[in-house]
Amino acid sequence: SLDMELVVENMPFNSLISALNGGKIDAIAAGMTINEERKVNVNFSEPYYAATQALLVRSENAAAYTSLDQLKGKKIAVQLGTTGDGAAKKLTEEGNVVQFQTVFEAIMELNNKKVDAAIIDEQPAKVLLAKNPELVQSALTFPAEYYGIAIKKDNQELTDAVNKTLARLKSDGTYDKLVAEWIK
């Protein structure tokens with residue numbers, strides 16, 4: 001037991017790592033992809049979820065994109081600081097990546113025909129597609145990525161405790177119930 005009280009803070013995604021390293025929060029559990037760039041600044045728990053990105057387009061353009069190369073020169077909406085943001089920067093010119101604080105704003109921009117596509121995590125995309133029938137997920141695929149809980153670089157004790165807790169939740173079935181309720 002860590003003898004800590006859980007307090008959930010809701011913050012803009014792109015400010016999470018600086019909040020962690022500034023001591024405002026102890027951990028980030030926000031669908032944060034483990035990558036080499038972030039590992040320089042934070043510790044990550046063991047991966048807790050495999051995720052992929054989804055390319056969303058308006059249904060009238062569903063057949064227009066048969067390869068990711070066709071996104072060159074297209075405007076793509078993303079949530080600032082996310083894996084989708086990074087992916088978009090590799091697919092089109094940086095000036096064509098339109099960043100928002102939330103995925104909802106990115107989807108609104110796509111609905112309003114201000115951008116050609118949006119790139120967001122696949123599970124939230126499924127929920128948003130159900131509410132936005134004029135949008136579809138493109139058949140184009142992205143490689144899988146893994147979410148981890150980010151912890152301050154020098155806090156090995158908390159990193160170890162989080163990993164131990166994740167292992168317990170996976171072994172006793174709680175993890176599967178949480179994924180079914182909150183992620184899928």
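Here the residue numbers are simple positions, counted from 1 along each chain's written sequence. It should be noted that, the model being predicted, local features are given only for residues of pLDDT at least 70 and side-chain atom pairs only at 80 or more, the latter also being counted only at that level, while totals for whole chains, interfaces and linings use all residues. In computing side-chain properties, one takes all heavy atoms of the structure into account and sets aside hydrogens as well as water.

Participant: Which residues make up the pairing of strand β6 (residues 97-100), and what values go with them?
Facilitator: When DSSP finds at least two bridges between two strands, those strands are taken to pair. Helix and strand assignments come from DSSP, with helices taken as H or I runs of at least 4 residues and strands as E runs of at least 2, each series counted from the N terminus. With four bridges connecting them, strand β5 (residues 76-79) and β6 associate as parallel partners. By the bridge assignment, Q79 is partnered in β6 with F100. The parallel pair β5 and β6, bridged by helix α3 (residues 83-91), forms a crossover whose chirality is right-handed. The path from the first strand over the helix to the second decides the hand: if it runs clockwise while the strands point away from the viewer, the crossover is right-handed.

Participant: If you had to explain the packing of aromatic side chains to someone new, which residues and values would you point to?
Facilitator: Two rings from Phe, Tyr or Trp (for Trp, the six-membered ring) form a pair when their centres are within 6.5 Å of each other. A pair whose planes differ by under 30 degrees is stacked, one over 60 is edge-to-face, and the rest are tilted. Scanning the entire structure with this criterion turns up two aromatic pairs. A ring pair is formed by Y49 and Y147, whose centres lie 5.7 Å apart and whose planes are at 35°; its orientation type is tilted. Of this pair, Y49 sits in strand β3 (residues 49-51) while Y147 sits in strand β9 (residues 145-147); the two residues are 98 residues apart in sequence, bridging distant segments of the chain. Accessible area is worked out with a 1.4 Å probe on protein chains only. A residue is then buried under 20% of its type maximum, exposed over 50%, and partly exposed in between. For Y49, a relative accessible area of 10% corresponds to the buried category. Any Lys NZ or Arg CZ that is within 6 Å of a ring centre and within 35 degrees of that ring's normal is treated as a charge sitting over the ring. Directly above the ring of Y175 sits K170, whose terminal nitrogen or CZ lies 5.3 Å from the centroid.

Participant: So what's going on with the pattern of salt bridges? Which residues, and what values?
Facilitator: A side chain with one charge may pair with a side chain of the opposite charge, provided their charged atoms come close. Any Lys or Arg side-chain nitrogen found within 4 Å of a carboxyl oxygen on Asp or Glu counts as a salt bridge. What the rule picks out here adds up to four salt bridges. One salt bridge connects K113 with E60, and the closest N-O pair in it is separated by 3.8 Å. With K113 in the loop between α4 (103-111) and β7 (117-121) and E60 in the loop between β4 (53-58) and β5, this residue pair connects regions lying 53 residues apart in the sequence. Of the residues examined, K113 reaches a relative accessible area of 56% and is grouped as exposed. D85 is the salt-bridge partner of K89, the closest N and O atoms lying 3.4 Å from each other. Of this pair, K89 and D85 both sit in helix α3, four residues apart, which is roughly one turn of the helix. Of the residues examined, K89 reaches a relative accessible area of 36% and is grouped as partly exposed. A cluster of three or more residues bridged by salt bridges with shared partners is formed by R58, E60 and K113.

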